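Okay, here's what each chain looks like letter by letter:
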Amino acid sequence: MTTKGTRRRRKGWQRYSSRTFYLFASPWLLGFALLTALPLGYALAISFTNFDGRSPRWRWVGLRNYTELFDDADVLASMVRTLAFTAIAVPIMVAGGLGLAVLLNQRLKAVGLFRAIFFLPSVVPMVAAAIMWKLIFNRDVGILNEILDVISIPPVTWLVDPNAFYALVILILWGLGGGMVIMLAALQGVPAELEEAAIIDGANRWQVFWNVTVPMISPVIFFQVVTGVIFTFQIVIQPLLLSQTREVGQVTHVPESTHLFMVQVYEEYFANNRYGYASAMLWVFFLVILVVTLIVLRSSRLWVHYEVDSEADR
Amino acid sequence: MPQLPRRTQLIGAAPAGAVSQFPRPPAGQHISRRRFLTSSALAAGGALSVPLLGACNASTESGDGKTVLTVMYMANELTKEQIADFEAKNPDIKIRFIAHDGTRLNAMLASNEPPDFVRGPAVGSARTNAQGLATELDQYLDKSSVLNKESLLPVNDSFRWDGKQIGSGPYYGLVKDWSQDATLWYNRALFKEAKIEPLSTTEPISYDELLEIGKKLTKKSGGKTQVYGLGLEWAWNLYAPLSMMILQQGGEVYSSDLTETDMTTPQALRALKWYVDFAKAGVGPTSLDPAPDGADLSLFLAKRMAITQDGYWYGGNFVEESDEIKNNIAMAPAPVMGDKRISPTYAGWGAYIPAKAKHKDEAWKLMEYFMAGKPSEDRAKSGWGIPALKSQLEMMPQELPYQKQVYQTQQAELEYAEQLPDSPYIGGATAWDPVLNKHLLRAIKNEVTVEAAGKAITDEINKLLQQGKDQIG
């Protein structure tokens, strides 16, 4: 009797607990359902049609869009370019954020001011930042070439190939402050006694950093890598705004070196009005991002150190 | 009291209905987690969908019984004052204004809930018309006392569609104002500095001569361009000027059924080569040497550009400028490539009434007011574009010396106005320009020959045309 009653009470409590959870989670669940799952499903359905985004005249074309995109040289080129951009930009972003965090983790005068200064760019809206950098990069009137001129370096045409690629990387790095704050928090969470113990054992500063600090913050580095990969894969606004794109749906003159996959998707949607084809591109891209993310996740077993052994808890 | 439209009644009833369709469980009976979640999600979804639907599907009548006319236009082209004036003259109509947004318009058209009055270009309307998205206006034009076919300038013909071609058949839209966009504006002071004779304001210059003059007017120093000799608004449009060049040589852009292009013809290759030579000479902004703000105006006003290719509308920029600017600017006819003098409009912005619009008669009233009423007269007098009605041509400004010169040149230019080709199977310059830009750049950088670029452009555009054909049928 007692056991049964306890079980009944626990079931009731459990039900109550679950309801509370779902009730509080419902805004997110609803948002996810209406703003993510529903559009995703809609895009999937469209990817099997020749819908142009506005005309009622469209029809089911089966897998045609999917088979076609594997024959599209521009799509494949933009995919390779995006993978290359990610492979270059993410390590620089993560290392740069960590480097800044290490610098600003020192006992400096007015360190708070420096932290604020470095963090500030990451809160500037990306559109404003891109327009500002477009002016900075201008060959004839941009301040960057004015600075180069002071040190007798001839003006550089930043916004065309191949320099546009580096200009885009610089623009992305300008927002390092966000990653820096997270890294800083991780660094400050590293127990001082561990580093002190290593120093007592004879380790120099580099050895302490590499063998103690980095493993201790490796879960945060891992987080930065995963979010960085997803972020760089999805970059679209920055290359569009650095180029001669006038407005959404209008002409795009994006240099080849910054013509990333999402720019190609943008053109298929808004310049060519190929909603079915572009939706197929996005679904394939979703799978690519998923695979790359899973690879990064799997690799984390080799280099991410967790203080709590999650396997042992099971 | 007027009866509310059925849709409005449904929307008003939706919240209560959405909740009441999920009955409460009998007293004392626990609801399962799954059922609770399903019910919650559906109820919340229903509650959420009401305002969302309401936003997408606004009532077509206001609370006081007025017809709500949904208008999608540019706020600086259809102003608050004009809207208030129209509403005062039409007390039974209230305008719901939406700033023009191509993506939003597409979504509204796709959901069969379009605005009643929409901004749109004449050149590029073929696709909209072939898709059956616009209302035929002839029935309104035939009855109207202020807008009729006889009063329309030929520029409106680009809004006509006979089922196969533009230029004939019913009207599907009307032009607000327009310009012959290949005309040239130049700064005499920069010509004087370079010791070059100013361009003729009556005789067209050839494109080849224009490039040579552009080279002489260009000033470079320390790797930077101090003065550009010639601007082509590269960032705005490549398709229209290239088409014009081809037509001027007697060539064609599309096949007769508008389903194919061939940019490997001698005429097309000559036009492409001119653009390649222009960019290689570095005489004007291109994608390889972009203008800071993507437009020539700031460079022209800063006396850093000697010639810029823009239509009559460009003159509206100078009215408030210094005397130094006003006394030095002049307009020249559109240049020519070949024997045939053609001076087209690249767009001809105007308006159409969507086929699924709910208040077409009221939208036509706005069309009459906007295209033939006070707003059109104000536009004609402003110098920001050529009016689309014959009767308003004489209203174009001639007070300032530069305006007088421009008026005379423009009047002579009207004789050479011609429609640019427009295929319903492709989205006009928006689709052409990225393709043209990409392959022109490769040719400019000597990665491919002009012939190879022409072939690649042909292949890509034909692919898009084929897909458009597949879509429209």
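You'll find chain A entered in an unreviewed UniProt entry as ABC transporter permease, with Streptomyces qaidamensis given as the organism. Entered under Sequence similarities (unreviewed entry) in the UniProt record, the comment concerning chain A runs "Belongs to the binding-protein-dependent transport system permease family." The Subcellular location (unreviewed entry) field of the UniProt record for chain A holds the comment "Cell membrane".

Colleague: Help me out: how do you make sense of the pairing of strand β8 (residues 184-187) of chain B in this one?
Modeller: Successive side chains on a regular strand alternate, one facing one side of the sheet and the next facing the other. Residues and elements named next belong to chain B. Judged by which residues are buried, β8 turns out to be covered on both faces: L184 and Y186 on one side and W185 and N187 on the other are all buried. Examined bridge by bridge, β8 and strand β11 (residues 305-309) share 3 bridges and lie antiparallel to one another. Paired with W185 across the two strands is T308, which belongs to β11. Where β8 and strand β12 (residues 329-332) come together, 4 bridges link them in antiparallel fashion. In the strand pairing of β12, N187 is matched with I329.

Colleague: I would appreciate a short explanation of the packing of aromatic side chains in the present structure.
Modeller: In this description, an aromatic ring pair is defined by two values, namely the gap between the centres and the angle between the planes. Residues and elements named next belong to chain A. In total, this model carries 41 aromatic pairs over all chains according to the counting rule given. Plain terms: the ring middles of F85 and F165 are 5.6 Å apart, the flat faces sit at 90° to each other, and that makes the pair edge-to-face. Here F85 is found in helix α3 (residues 73-103), whereas its partner F165 is found in helix α7 (residues 163-173), with 80 residues between them in sequence. Since its relative accessible area comes to 0%, F85 is described here as buried. By relative accessible area, F165 is classed as buried at 13%.

Colleague: It is not clear to me how the UniProt feature "transmembrane region" (unreviewed entry) in chain A should be interpreted in this structure. Could you clarify?
Modeller: All names here are of chain A. The residues that UniProt annotates with the feature "transmembrane region" (unreviewed entry) are residues 21-48, 83-104, 116-136, 164-187, 208-237 and 275-297. Helix makes up 93% of residues 21-48 and strand 0%, with an end-to-end C-alpha separation of 38 Å. Annotation note: span residues 116-136, helix share 71%, strand share 0%, distance between end C-alpha atoms 22 Å.

Colleague: Before we go on, may I ask you to explain the pairing of strand β10 (residues 224-231) of chain B in this structure?
Modeller: Residues and elements named next belong to chain B. Here β10 lies mainly inside the structure; 7 of its 8 residues are buried. Here strand β9 (residues 219-221) runs beside β10; their pairing, made up of 3 bridges, is antiparallel. If you follow S221 over to β10, its bridge partner there is K224. Connecting β9 to the antiparallel partner β10 that follows it, the hairpin turn spans 2 residues, and G222 within it adopts a positive phi of roughly 60°. Taken together, the 3 bridges between β10 and β11 define a ladder with parallel strand orientation.

Colleague: So what exactly am I meant to see when it comes to the sheet that holds strand β1 (residues 67-73) of chain B here?
Modeller: Backbone hydrogen bonds are what pair the strands of a sheet, in a parallel or an antiparallel way. All names here are of chain B. Spatially, 5 strands are ordered β2-β1-β3-β13-β6 in an open sheet, and the strand pairing comes out mixed. Single-partner strands in this sheet number two, and they are β2 (93-99) and β6 (174-175). Across 7 bridges, β1 lies against β2 in parallel orientation. Across the sheet, V71 pairs through a bridge with F97, a residue of β2. In the packing of helix α13 (residues 360-372) onto the sheet, the strands contacted are β1, β2, β3 (117-121), β6 and β13 (349-352), and the crossing angle to β1 comes to about 50°.

Colleague: Teacher, can you tell me more about the nonpolar core here?
Modeller: It is characteristic of soluble globular proteins that their nonpolar side chains tend to be buried jointly. B:F191, B:L199, B:W234, B:W274, B:Y275, B:I307 and B:W432 are the most contacted members of the largest nonpolar core, which totals 80 residues. No other element matches the 9 residues that helix α10 (residues 266-281) of chain B contributes to this core. Leave out the neighbours within four places in its chain, and B:W432 touches B:Y239, B:V253, B:Y254, B:T261, B:M263, B:I426, B:I457 and B:I461. A:A43, A:I136, A:L176 and A:L184 belong to the second-largest nonpolar core, a separate cluster that totals 71 residues.

Colleague: I keep staring at helix α5 (residues 126-137) of chain A and nothing clicks. Help me out?
Modeller: Because an α-helix completes one turn every 3.6 residues, residues spaced three or four positions apart along the sequence face the same direction. Residues and elements named next belong to chain A. Its 12 residues give α5 an end-to-end C-alpha distance of 16 Å, which sits within 8% of 16 Å, the value for a rise of 1.5 Å per residue. Those residues of α5 lying buried are A129, A130, W133, K134, I136 and F137. End-on view of α5: buried residues confined to an arc of 160°, all on one side of the axis. Summarising the contacts, the buried residues of α5 are in contact with α6 (143-150), α7 and α11 (237-242).

Reading guide: rules and limits
Residues numbered from 1 in each chain as written. Chains lettered and ligands numbered in written order. Predicted model: local features only at pLDDT ≥ 70, side-chain atom pairs only at ≥ 80, totals over all residues. Heavy atoms only, no water. UniProt positions renumbered as here; feature names shortened; annotations may be inferred. Buried < 20%, exposed > 50% of the residue type's maximum accessible area, 1.4 Å probe, protein only. Helix = DSSP H or I, 4+ residues; strand = E, 2+ residues; numbered from the N terminus. Pairing = 2+ DSSP bridges. Phe/Tyr/Trp six-rings, centres within 6.5 Å; stacked < 30°, edge-to-face > 60°. Contact = heavy atoms within 4.5 Å. Axes fitted to C-alpha atoms, helices over the stretch in contact; angles between N-to-C directions. Core = buried A, V, L, I, M, F, W, Y, C linked by side-chain atoms within 4.5 Å. Expected span 1.5 Å × (residues − 1). Arc of directions from axis to C-beta.

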